[in-house]
Amino acid sequence: NNQQSLSENFDDQHVSTVLEILKVAGLYQSGLRDLETKTRERLVVLQQRMFAHNTQEKELNEKPTQFLLPDALSVVEIDSIITNKALGENSHSASANATSAATSTSSTASAAMAGSGNATGTTGDDHDSYETLQRLASADSILYGESMDALGALKRSCHSLVFDVCSAVPRKHLSSITSMPSWSSSDNGSGVDSYGTLAQPYITQVGEHILALVQALEPFATSMESLKIANSVMSGVRKVAVQPWKDLISAIGISNDTIVDRLMQGKELIPYVNSGFEEDDDEDGENGGGEDQDDEDLDDDERAANDFCNKWLDVVGMAVTGRLLERVMRIPRLSPKGCDHLSADLGYLVNVLAALGLPNHPHPLINHVAELARLDKVSFQNQLSQRDTSLPIVAAVASMEQRV
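Quantities reported herein were computed from a predicted structural model and do not represent experimental measurements.

Parameters at a glance
Residues numbered from 1 in each chain as written. Predicted model: local features only at pLDDT ≥ 70, side-chain atom pairs only at ≥ 80, totals over all residues. Heavy atoms only, no water. Axes fitted to C-alpha atoms, helices over the stretch in contact; angles between N-to-C directions. Helix = DSSP H or I, 4+ residues; strand = E, 2+ residues; numbered from the N terminus. Parallel < 35°, antiparallel > 145°, perpendicular 65-115°, else oblique. Contact = heavy atoms within 4.5 Å. Nonpolar A, V, L, I, M, F, W, Y, C, P; charged D, E, K, R; others polar. Buried < 20%, exposed > 50% of the residue type's maximum accessible area, 1.4 Å probe, protein only. Expected span 1.5 Å × (residues − 1). Polar contact = N/O pair within 3.5 Å; in protein donor to acceptor, adjacent residues only side chain to side chain. Salt bridge = Lys/Arg side-chain N within 4 Å of Asp/Glu carboxyl O. Phe/Tyr/Trp six-rings, centres within 6.5 Å; stacked < 30°, edge-to-face > 60°.

## Notes on the packing of helix H8 (residues 168–175) against helix H14 (residues 300–329)
Right, so step 1: Remark: H8 packs on H14, axes separated minimally by 10 Å, with the N-to-C direction vectors making an angle of 5°. The angle between H8 and H14 places the two elements in the roughly parallel class. Of H14, the residues touching H8 (which contributes Pro-170, Leu-174 and Ser-175) are Val-320, Arg-323, Leu-324 and Arg-327.
Right, so step 2: Its residues placed into classes, the contact of H8 with H14 shows four nonpolar, one polar and two charged.

## Things to note about helix H16 (residues 364–374)
Right, so step 1: Counting buried positions along H16 gives nine out of 11 residues, so the element sits mostly inside the fold.
Right, so step 2: Of the residues making up H16, those classed as buried are Pro-364, Leu-365, Ile-366, Asn-367, His-368, Val-369, Ala-370, Leu-372 and Ala-373.
Right, so step 3: As for H16, its buried residues are in contact with helix H11 (242–251), helix H12 (260–265), H14, helix H15 (336–356), helix H17 (377–385) and helix H18 (392–403).

## Focus: H14
Right, so step 1: The first and last C-alpha atoms of H14 sit 43 Å apart over 30 residues, in line with the 44 Å expected at 1.5 Å per residue.
Right, so step 2: Counting buried positions along H14 yields 22 of 30 residues, so the element is predominantly enclosed.
Right, so step 3: Its side-chain oxygen at 3.1 Å from the backbone nitrogen of Asp-301, Asp-299 defines the N-terminal cap of H14.

## Focus on unusual backbone geometry
Right, so step 1: Each neighbour pair has its own omega, and for His-361 with Pro-362 the value is -5°, a cis peptide bond.
Right, so step 2: In this structure, Pro-362 sits in the loop between H15 and H16.
Right, so step 3: Despite not being glycine, Asn-360 shows a phi value in the positive range, around 65°.
Right, so step 4: Structurally, Asn-360 is set in the loop between H15 and H16.

## Section: the environment of Glu-77
Right, so step 1: Relative to the helices and strands, Glu-77 is located in helix H3 (residues 75–86).
Right, so step 2: For Glu-77, a relative accessible area of 14% corresponds to the buried category.
Right, so step 3: Taking C-alpha positions, Glu-77 is 5.8 Å from His-53, a pair spaced 24 residues apart along the chain.

## Observations regarding the pattern of salt bridges
Right, so step 1: Considering all chains together, one arrives at 10 salt bridges under this definition.
Right, so step 2: For the salt bridge of Glu-20 with Lys-23, the shortest nitrogen-to-oxygen distance reads 3.2 Å. Within this pair, Glu-20 and its partner Lys-23 are both found in helix H2 (residues 12–62), separated by three residues, close to a single helical turn.
Right, so step 3: Look at Glu-20 and you get partly exposed, because its relative accessible area is 36%.
Right, so step 4: When the shortest N-O distance is used, the salt bridge between Asp-314 and Arg-238 registers 2.8 Å. Taken together, the positions of Asp-314 in helix H14 and Arg-238 in the loop between helix H10 (224–231) and H11 put the pair 76 residues apart, joining distant regions of the chain.

## A few points about the packing of aromatic side chains
Right, so step 1: Tallying each qualifying case throughout the model produces two aromatic pairs.
Right, so step 2: Each ring, one from Trp-183 and one from Tyr-202, has its centre 6.4 Å from the other, and the planes form 75°; the classification is edge-to-face. Separated by 19 residues along the polypeptide, Trp-183 in the loop between H8 and helix H9 (201–221) and Tyr-202 in helix H9 bring together distant segments of the chain.
Right, so step 3: Overall, Tyr-202 belongs to the buried group, its relative accessible area being 7%.

## Some points on the environment of Arg-40
Right, so step 1: Checked against the element boundaries, Arg-40 lands in helix H2.
Right, so step 2: The class for Arg-40 is buried, based on a relative accessible area of 14%.
Right, so step 3: Through-space distance from the C-alpha of Arg-40 to that of Gln-134 is 9.5 Å; in sequence the pair is 94 residues apart.
Right, so step 4: Ignoring anything within four residues of it in the chain, the contact list for Arg-40 reads Leu-136, Ala-137, Ser-138, Ala-139, Ser-141, Ile-142 and Leu-143.

Here's what the structure looks like:
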């Protein structure tokens, strides 16, 4: 009910509002990182104080002079003693506790200093405590594991919320297309071929929504302060688009979840499908061909805003592609006229995604299925018979073709 209400009452302001939640996650992450940094700085100070205290204790222990218990302890000594206690006690501490209260501090330190020296001037418990401080102060250590887990959950929730709002309209229009009568309709005798068939209303509404998202995303992206905070928690955002692709491989009878990411990326498919694109391995990975040239005319702020909008358009476009293909695979029957409709619908989406200029869009499978819908039966059968399905990802394509 919430999804239906969201799709029916969708407004650009909804997008701007939910994007603010990314700032919440970004500020939480920034605060946690600042806390970790300050904690590590404090641990380094404790290391230095422990080293100084232990060095002094070792020197006193080695001199045969009488040691008098001081009236007060310095900050360095207090820090060192408390740190050593906090990081672990063993038999040395236990025996020290058995001594009189007046000399417990001195005897604990002396007992810890007993034995052969090392680079830090420490042995026994103190050495273990010093090494623990070194480990905790290193940049690789995780100081607040539960807080980091909570941050990860918060980021995923924020990604899902923004995605749900941005994709609500396409999800609504794609949900019931499998039962549309146009798929099994017969030719009305007009003699109009597939190139004269117009895209159906459901796909035009999806396409119009995707194009309108550009304007919905831009107001948030124009604030550089907000953008910097939001971009800090954008890693892994593409995962919200995975579920439609999992549903797709389920629809074609494939149980190998390991190919989902490869199928989403689509680059491996280009040699095996009628993608409508030339193989131009740009060696820029996901940055595509024309994207970098377009960015040359932008300043840093404009480029950052452009990248942010493109990330969300990529996520929504990828999810729409996977969901549309999954819905197509579940159409019970396609008549020749239904194939014309399918080819026109997919061709429309290809044009919409191409107009956005996003890397890896439109996905090669959209154009491939559109081309399949235009083939006559003999050509289709010939293509199926020539498939080498030894590769899992090619086997998935063959399963889609069989389903069509």
